[in-house]
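What follows is each chain in one-letter form.
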Amino acid sequence: MGRRLLLEHDNVAGIETFDVYRKNGGYRSVEKALKSMSPELVLEEVQKSGLRGRGGAGFPTGMKWSFLAKPEGVPRYLLCNADESEPGTFKDRYLMEKIPHLLIEGMIVSSFALGANQSYIYIRGEYMWILDILEKAIAEAYDKGFLGKNILGSGFDHDLSVAPGGGAYICGEETALIESLEGKRGNPRMKPPFPAVKGLYGCPTVVNNVESIAAVVPIINDGGEEYAKIGLGKSTGTKLISACGNLVRPGVYEIEMGITVEEFIYGDDYCRGIANGKKLKACVPGGSSVPILPHYLVTKTAAGEDRLMTYESLADGGFASGSMLGSGGFIVFDEDQCIVRNTWNFARFYAHESCGQCSPCREGTGWMEKVLHRLEHGQGNLRDIDLLAEINKKIEGNTICPLGDAAAWPVAAAIRHFRDEFEWHVNEREESQKRNYGLIREPQSIA
Amino acid sequence: MSSSHTDLSKRHSEKPVFSAEKMAEVQVLFAQYPEGKSKSAIIRVLHMAEEEFGGWLSIETMDYVAEVFNIQPIEVYEVATFYTMFNLEPTGKYVFEVCRTGPCMLLGSDSIIDYIGTKLDIKVGETSADGMFTLKTSECLGACGYAPMLQCGKKYHEHLTKERVDEIITAYRAGQTPN
Ligand SMILES: Cc1cc2nc3c(=O)[nH]c(=O)nc-3n(C[C@H](O)[C@H](O)[C@H](O)COP(=O)(O)O)c2cc1C
Ligand code: SF4
Ligand code: FES
């Protein structure tokens, strides 16, 4: 088992309380930053760490922070994205439920670096019980002088509160999140202006994922360089992976970036292989929005190298034979699963969650869902498969926010790798309603 | 986003009003936002209103929330109709939201949905004859590793089997919260 920087104490009894958290080294980074560092120095450490956003896009956190506009006399905001709604993703929930103070600690230090005197955690409405846990922890932090006015005598004031959503995947998109936090419908905004210039209430704003903010704590405690020693290349540090689907041991794991996918799926410290002695059929390694990989591209790249749990290796091969680390929602399919059915299921998700502002996304996701439903239920024809590709092209790049692309790409990937299985649903209509296709054959040449 | 339409024939007979205690909670929420930005608390207050006034948002409830925020009712309707958690029609005493998304489907959520429907003799979207349970489906609730699952109020019920569903229904019927 590798080093655990975030979840080291997840099983310590009472770790959700301030006292136990503090006894286990909690809030040291706040003391260090506020008493002995300048905001610029904190930013520098985060830059040195190489930390990349854990919400899905992997954008370097230090760089994002450095873009924050700092006009005189205008408040700045830090918003924590705890909307966590990407199918397959349940890591932020685990962190907040188990160690709420770690997120609060990260919020204080990050806000100090950004010069934000007010920050909010925007949490999906369905996690209402976690909102209770967070509010309890926040009250303790106020009580102990880690939040509020003049924290630890440093002169830095900081207020933190939590706001729930109301059930809408799109509110995980940062500008939709801002709209929602302003008390409106969660319709994404056109960019530019970017939130770094005009975000919450028109003020400069940084939006970061729960895990990104929590990672700032070990980065400040141990230094950015130490953090960057873990991992491989531009994938530094540890990453929370939420593993689900047909696994012996699904759950949330903190991994050192760079372990092999093989070890993650089959290793004793991690998922321990495919459930019920079945074979691996496919894997969606980074949440429903990333391309699906057929079994022969999961543990090896098209070039025959070991595939690693890093941003780069999971993306190796591009759209032709790679995928993405995404949100860390690692979904595993065994040989009995139907790819057409799953593709339809995800398409239904995106059709349901499209906010409806852009017609290519609103109409396109609806059409993809209908066509895939037809195929899955043995009522499709071969032209439908090409029709899906056409709808895809109409959506891609023609929308305000990336949800349109997120809906289109997984369908394209499923057809690319599993075309035989889609065609079988047309050519063997009746058979396809009675049994599953099984494993797909490895093509003679990949890519 | 699925659009919902409120059936105007269903109304609250009395005007909903927050107790003094609830109103104080609302004031605490307002204070979390800058001067003039209290509308930021609207989703939270709608959740509160739903809980206080019968588990759904009637036109009267939404109009009352508009009063609390000193905004136009349409601004409240706009928000309430966007977010899927808000019930714009009356529901049963307990609402089961069964996750139907991919990872849960891989672990058998379809058969759990069918089982609950058969057991309660209702289809998805309907309420049982005794008014106790409404069956709904939902998209991924962030419990994919503990699938299949359902949410009821604030509670997540995970690792569902038919036997677990039986226990859960029995407990709610007896007025207990199953663990
Ligand atoms: C449709 C959509 C949904 C998203 N959902 C989430 C989410 O639930 N949580 C999250 O942290 N980021 C989500 N994101 C990414 C955010 O827009 C944003 O990039 C992220 O919160 C930035 O944080 P990070 O740099 O720390 O990763 C989503 C993006 C899109 C387009
Ligand atoms: S791409 Fe889809 S979800 Fe994004 S703004 Fe347009 S309609 Fe809304
Ligand atoms: S797919 Fe059901 S909780 Fe995520």
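Placed above this text is the structure.
Residues numbered from 1 in each chain as written. Chains lettered and ligands numbered in written order. Predicted model: local features only at pLDDT ≥ 70, side-chain atom pairs only at ≥ 80, totals over all residues. Heavy atoms only, no water.

Participant: What am I meant to see in the environment of Pro-188 of chain A here?
Facilitator: Residues and elements named next belong to chain A. With respect to the secondary-structure elements, Pro-188 resides in the loop between helix 8 (174-181) and strand 4 (205-209). A relative accessible area of 4% places Pro-188 in the buried class. When sequence neighbours within four positions are dropped, the list of residues in contact with Pro-188 reads Ile-170, Glu-173, Thr-175, Ala-176, Cys-355, Gln-357, Ile-400 and Cys-401. (Helix = DSSP H or I, 4+ residues; strand = E, 2+ residues; numbered from the N terminus. Buried < 20%, exposed > 50% of the residue type's maximum accessible area, 1.4 Å probe, protein only. Contact = heavy atoms within 4.5 Å.)

Participant: Quick question: what am I supposed to make of the pairing of strand 1 (residues 94-99) of chain B here?
Facilitator: Successive side chains on a regular strand alternate, one facing one side of the sheet and the next facing the other. All names here are of chain B. Counting buried residues in strand 1 gives six out of six residues, a clear majority hidden from the surface. The two faces of strand 1 match: Tyr-94, Phe-96 and Val-98 on one face and Val-95, Glu-97 and Cys-99 on the other face are all buried. As judged from the six bridges shared by strand 1 and strand 2 (residues 133-138), these two strands associate in the parallel manner. Looking across to strand 2, one finds that Tyr-94 is bridged to Phe-133. Summarising the sheet, strand 1 and strand 3 (residues 150-152) pair through two bridges and their orientation is antiparallel. Looking at the pairing, Glu-97 lines up with Gln-151 of strand 3. (Pairing = 2+ DSSP bridges.)

Participant: Looking at this structure, how should I read the interface of chain A and chain B?
Facilitator: It is common to report an interface's size as the accessible area lost on association of the parts. Taken together, the contact pairs 61 residues of chain A with 40 residues of chain B. The largest per-residue losses of area from chain A upon contact with chain B belong to Arg-185, Tyr-201 and His-352 of chain A, which jointly make up 15% of the total buried on that side. Where chain A touches chain B, the interface holds four salt bridges. Measuring nitrogen to oxygen at the nearest pair gives 3.0 Å for the salt bridge that ties Arg-44 of chain B to Glu-135 of chain A. Applying the counting rule to chain A against chain B returns 23 residue pairs in polar contact (both at pLDDT 80 or more). Of all the elements, helix 14 (residues 339-353) of chain A adds the most residues to the side of chain A that touches chain B, at nine residues. Its residues placed into classes, the side of chain A that touches chain B shows 29 nonpolar, 20 polar and 12 charged. (Buried area = accessible area lost by both parts, 1.4 Å probe. Salt bridge = Lys/Arg side-chain N within 4 Å of Asp/Glu carboxyl O. Polar contact = N/O pair within 3.5 Å; in protein donor to acceptor, adjacent residues only side chain to side chain. Nonpolar A, V, L, I, M, F, W, Y, C, P; charged D, E, K, R; others polar.)

Participant: Help me understand helix 3 (residues 39-49) of chain A in this model?
Facilitator: Every α-helix carries 3.6 residues per turn, so stepping three or four residues along brings you back to the same face. Residue and element names in this part refer to chain A. Residues Val-42, Leu-43, Glu-45, Val-46 and Ser-49 constitute the buried set of helix 3. Along helix 3, the residues classed as buried sweep out an arc of 160° about the axis, all on the same side. Buried-residue contacts for helix 3 involve helix 2 (28-36), helix 4 (61-66), helix 6 (100-114), helix 9 (210-222), helix 10 (224-229) and strand 6 (235-236). Directly after helix 3, the chain includes Gly-50, whose backbone phi takes a positive value near 75°. (Arc of directions from axis to C-beta.)

Participant: Just checking my understanding: could you explain the site of ligand 2 for this structure?
Facilitator: The environment of ligand 2 is formed by 13 residues, the closest being Cys-355, Cys-358, Cys-361, Thr-399 and Cys-401 of chain A. Residue classes in the shell around ligand 2 are distributed as eight nonpolar, five polar and no charged. (Near = heavy atom within 4 Å.)

Participant: In this structure, what is going on with the pattern of salt bridges? I would like to understand it.
Facilitator: Oppositely charged side chains can pair when the atoms bearing their charge come close. All names here are of chain A. Counting across every chain of the model gives 40 salt bridges over all chains. The partner of Asp-384 in a salt bridge is Arg-374, with the nearest N and O atoms 2.8 Å apart. Placement of Asp-384 in helix 16 (residues 382-395) and of Arg-374 in helix 15 (residues 359-376) is noted, with a sequence separation of 10 residues between them. With a relative accessible area of 4%, Asp-384 lands in the buried category. Classification of Arg-374 as partly exposed rests on a relative accessible area of 29%.

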